[in-house]
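# Architecture at a glance
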Amino acid sequence: MRSIFLSVSISVLGLVTAAPARASVWEINSAHSTAAFSVRHMMVTNVSGQFGKITGTLDFDEKVPAKSTVEVTVDATTIDTHEPKRDTHLKSPDFFDVANHPTITFKSTKVEKTGKGKYKVTGDLNMHGVTKPVTLAVEGPTEAVKNPMGGTMTRGAHASGKLNRKDWNLNWNKALEAGGVLVGDEVTLNIDLELDAKAEKPAETATAPAAPAAAKAAAK
């Protein structure tokens with residue numbers, strides 16, 4: 001009987017003191033990440049571009065994805081559409097006004113798992129001095145692999161979504177003689193991230209309750 005009480009006591013204590021699931025922090029590798037966009041031009045084709053510098057972190061909880069958080073900062077001054085004159089115009093007060101608003105930021109407010117390796121991430125996008133909510137479809141992060149160049153663990157993720165530029169007061173446009181406008185309102189986003197492991201963040205450890213009196217007595 002004594003041995004049975006001891007076994008039960010040890011099993012119970014083992015359950016309540018077992019190591020909790022751990023969240024992990026991943027940092028965006030700016031050299032291998034891109035934030036690309038495309039928008040309709042003259043009603044006939046799409047023009048694409050990207051931002052050259054993205055920084056930020058993913059605090060990822062695989063066991064409870066809703067506890068995960070994402071923060072991203074994009075350097076708006078690095079916009080590149082492969083046409084210098086157009087890039088200069090995009091940096092001007094007509095569009096991003098990078099002299100007064102040099103960064104674009106995204107901070108998640110909700111993370112929902114939608115399938116295996118797929119998530120819906122909602123957050124506040126601050127751009128051109130305006131903050132509005134957006135929702136992105138995210139694939140990943142992938143399983144971690146060892147980076148042969150630096151020895152760190154690395155994962156990847158892809159996010160996509162659409163937004164209306166006028167919601168952020170990016171209103172400049174010109175009417176076309178044949179009808180329509182020079183620049184479309186809807187912007188398509190495609191973001192590819194390479195994420196390097198930074199540090200593990202342990203979840204809160206539950207405090208084990210006192211051993212039952214019967215177990216204490218059995219141990220004597």
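Remember, predicted model here, so these are calculated numbers, not experimental data. (Residues numbered from 1 in each chain as written. Predicted model: local features only at pLDDT ≥ 70, side-chain atom pairs only at ≥ 80, totals over all residues. Heavy atoms only, no water.)

### Examining a nonpolar patch on the surface
- A cluster of nonpolar side chains, Met-42, Met-43 and Val-44, forms an exposed patch at the surface whose accessible area comes to about 300 Å².
- Along the chain, the position of Met-42 falls in the loop between strand E2 (34–41) and strand E3 (45–51). (Patch = residues over 30% accessible without salt bridge, like charges linked within 9 Å, V, L, I, M, F, W, Y side chains within 5 Å. Areas by Shrake-Rupley, 256 points an atom, 1.4 Å probe, with all protein chains shown as cover. Salt bridge = Lys/Arg side-chain N within 4 Å of Asp/Glu carboxyl O. Helix = DSSP H or I, 4+ residues; strand = E, 2+ residues; numbered from the N terminus.)

### Structural notes on the environment of Gly-129
- Structurally, Gly-129 is set in the loop between strand E8 (118–127) and strand E9 (130–139).
- Remark: the alpha-carbon pair of Gly-129 and His-101, spanning 28 residues in sequence, is separated by 6.5 Å.

### A few points about the confidence of the model for the protein chain
- Looking at the protein chain, pLDDT values average 84 and 80% of them are 70 or higher.
- Below a pLDDT of 50 lies the segment residues 1–21, which in the model reaches 18 contacts outside its immediate sequence neighbourhood of four places, other chains included. (pLDDT = per-residue confidence, 0-100. Contact = heavy atoms within 4.5 Å.)

### Thoughts on the side chain of Arg-155
- Locating Arg-155 in the fold gives a position in strand E11 (residues 153–164).
- A polar contact is formed between the side chain of Arg-155 and the backbone oxygen of Thr-142, at a distance of 2.7 Å.
- Aside from chain neighbours lying at most four places away, what touches Arg-155 is Ser-24, Trp-26, Phe-60, Glu-62, Pro-141, Thr-142, Glu-143, Ala-144, Leu-193, Glu-194 and Leu-195. (Polar contact = N/O pair within 3.5 Å; in protein donor to acceptor, adjacent residues only side chain to side chain.)

### Quick word on unusual backbone geometry
- The omega torsion across Gly-140 and Pro-141 is 5 degrees, close enough to zero to call that bond cis.
- Topologically, Pro-141 is positioned in the loop between E9 and strand E10 (145–146).
- Phi is positive for His-128, which is not a glycine, with a value near 60 degrees.
- Examined against the element boundaries, His-128 turns out to sit in the loop between E8 and E9.
- For Asn-169, which is not glycine, the phi dihedral falls at a positive 60 degrees.
- With respect to the helices, strands and loops of the structure, Asn-169 is situated in the loop between E11 and strand E12 (183–202).

### Some remarks on the environment of Asp-192
- Relative to the elements of secondary structure, Asp-192 occurs in strand E12.
- Measuring from C-alpha to C-alpha, the distance between Asp-192 and Glu-139 comes to 9.8 Å, with 53 residues separating the pair along the chain.
- Contacts of Asp-192, omitting those with residues within four sequence positions, involve His-32, Ser-33, Thr-34, Ala-157 and His-158.
- Of note is the side chain of Asp-192, whose polar atom sits 2.9 Å from the side chain of His-158.

### Quick notes on the pairing of E2
- Of the pairings in the sheet, the one linking E2 to E3 comprises seven bridges and is antiparallel in character. The residue bridging Ser-38 from the neighbouring strand is Ser-48, located in E3.
- Between E2 and the antiparallel strand that follows it, E3, lie three residues; Met-42 among them carries a positive phi value of about 60 degrees. (Pairing = 2+ DSSP bridges.)

### Focus: the pattern of salt bridges
- In this structure the tally under the stated criterion is seven salt bridges.
- Across the salt bridge formed by Arg-165 and Asp-185, the nearest N and O atoms sit 3.8 Å from each other. Here the residue Arg-165 occupies a position in the loop between E11 and E12, and Asp-185 occupies one in strand E12, the gap between them amounting to 20 residues.

### Concerning the pairing of strand E4 (residues 54–60)
- A large share of E4 lies buried, amounting to five of its seven residues.
- With six bridges joining them, E4 and strand E5 (residues 69–75) adopt antiparallel strand pairing. The residue bridging Thr-55 from the neighbouring strand is Thr-73, located in E5. (Buried < 20%, exposed > 50% of the residue type's maximum accessible area, 1.4 Å probe, protein only.)

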